[in-house]
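Remarks on the overall topology
If you want the building blocks of each chain, they are given just below.
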Amino acid sequence: MKRCLTGVFVFLFVVVFGSECQTFAHQAVNFHGTIKISGLHEEIMEPVKGVADITQWGHEETNGNFDEAILKFELVSEESECGILLEAGTATVSSYRENKYSVTSKKFPLDLCEDGMADIIERILNKNGKTVQDALGLEECFSITNGRGITESGKTLRFANAYISKGKAVITSSFVKISFKISPALTTYDVGNLNRKDYPLKIAGEVNIQREGAHQE
């Protein structure tokens, strides 16, 4: 199952603060934002935060051409709606500029890696387990790991990854706005792949990456 950026509609909003932009490589900066999951009975809005390693090319006309951002999402130890303790850890999502732009362009296609984003979405679904359980009509809580979970009664819940479409970065004088759409689904079925049901999701997110004293080269 391909995992380079999983399903649903998500926005990533990357902000870099500073005056004139010069080239810097893998500068660690903090980010924060939200991820929204729609398609269940109620919308899930989850705050996210972490540290980004970013590389940016300096051009006065664009105040820097975005090169790449390695986003390391911070997962804190917390209890889910179902009373399950979720462990602390990190999930990494990489975003790279595609080779379809001019050096002075303020907009260009972006390639986003699905690895890691699947972990983030699964974490949000697990945290909001009771909401998901009610929306899917499940009798018990569940826990998804590596795209799959099984309830006590033997019903399987699967999170299907999807190709990320329309990934785009827009550069302004003070931030880089990354946006993308994905169309994943939650699937449930009984033993023997019986009574299969698909539940399409939509995911949207925003991430603000603070610029804190970029390294000058």
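In case you missed it, the structure is sitting above this.
Note that the structure is predicted; figures quoted are calculated from it, not measured. (Residues numbered from 1 in each chain as written. Predicted model: local features only at pLDDT ≥ 70, side-chain atom pairs only at ≥ 80, totals over all residues. Heavy atoms only, no water.)

1. Considerations on the state of the cysteines
Evaluated as defined, the whole model comprises one disulfide. The partner cysteine of cysteine 82 in its disulfide is cysteine 141, sulfur to sulfur 1.9 Å. Every disulfide takes its handedness from the sign of the S-S torsion; for cysteine 82 and cysteine 141 that torsion is -80°, giving left-handed. Of the two residues, cysteine 82 sits in the loop between β5 (78-79) and β6 (85-86) while cysteine 141 sits in the loop between α2 (129-136) and β9 (148-150), which places them 59 residues apart along the sequence. For cysteine 141, a relative accessible area of 27% puts it in the partly exposed group. (Disulfide = S-S within 2.5 Å. Helix = DSSP H or I, 4+ residues; strand = E, 2+ residues; numbered from the N terminus. Buried < 20%, exposed > 50% of the residue type's maximum accessible area, 1.4 Å probe, protein only.)

2. Examining the layout of surface pockets
Its volume calculated, the largest pocket comes out at about 280 Å³. As for the largest pocket, its lining consists of 13 residues, of which Glu122, Arg123, Asn126, Ile144 and Thr145 are closest to the centre. For the lining of the largest pocket, the secondary structure elements donating two or more residues are β6 and α1 (117-127). Of the residues forming the lining of the largest pocket, the biggest block, four residues, is contributed by α1. When grouped by side-chain class, the residues that make up the lining of the largest pocket number five nonpolar, four polar and four charged. Quantified by volume, the second largest pocket comes out at close to 220 Å³. Around the second largest pocket sit 13 residues that line it, and Glu46, Pro47, Glu74, Leu75 and Glu78 are the ones nearest its centre. Of all the secondary structure elements, the ones that give two or more residues to the lining of the second largest pocket are β3 (44-57), β4 (65-75) and α1. A per-class count over the lining of the second largest pocket returns seven nonpolar, no polar and six charged. (1 Å grid on protein atoms, 1.4 Å probe; cavity = no way out; pocket = protein on both sides within 12 Å on 5 of 7 lines; lining within 4 Å. Points joined across faces, edges and corners; volume = space filled by probe spheres on them. Nonpolar A, V, L, I, M, F, W, Y, C, P; charged D, E, K, R; others polar.)

3. A few points about the sheet that holds strand β14 (residues 194-200)
If you walk across this open sheet you meet the four strands as β9-β10-β13-β14, and the pairing is antiparallel. Looking along the sheet, the strands with just one partner apiece sit at the ends: β9 and β14. On average, adjacent strands in this sheet sit at an angle of 15° to one another, irrespective of strand direction. By the bridge criterion, five bridges tie strand β10 (residues 156-160) to strand β13 (residues 185-190) in an arrangement that is antiparallel. The partner of alanine 160 across the bridge, within β13, is alanine 185. On top of the sheet, α2 reaches β10, β13 and β14; it is set at about 65° to β13, its chief contact. (Pairing = 2+ DSSP bridges. Axes fitted to C-alpha atoms, helices over the stretch in contact; angles between N-to-C directions. Contact = heavy atoms within 4.5 Å.)

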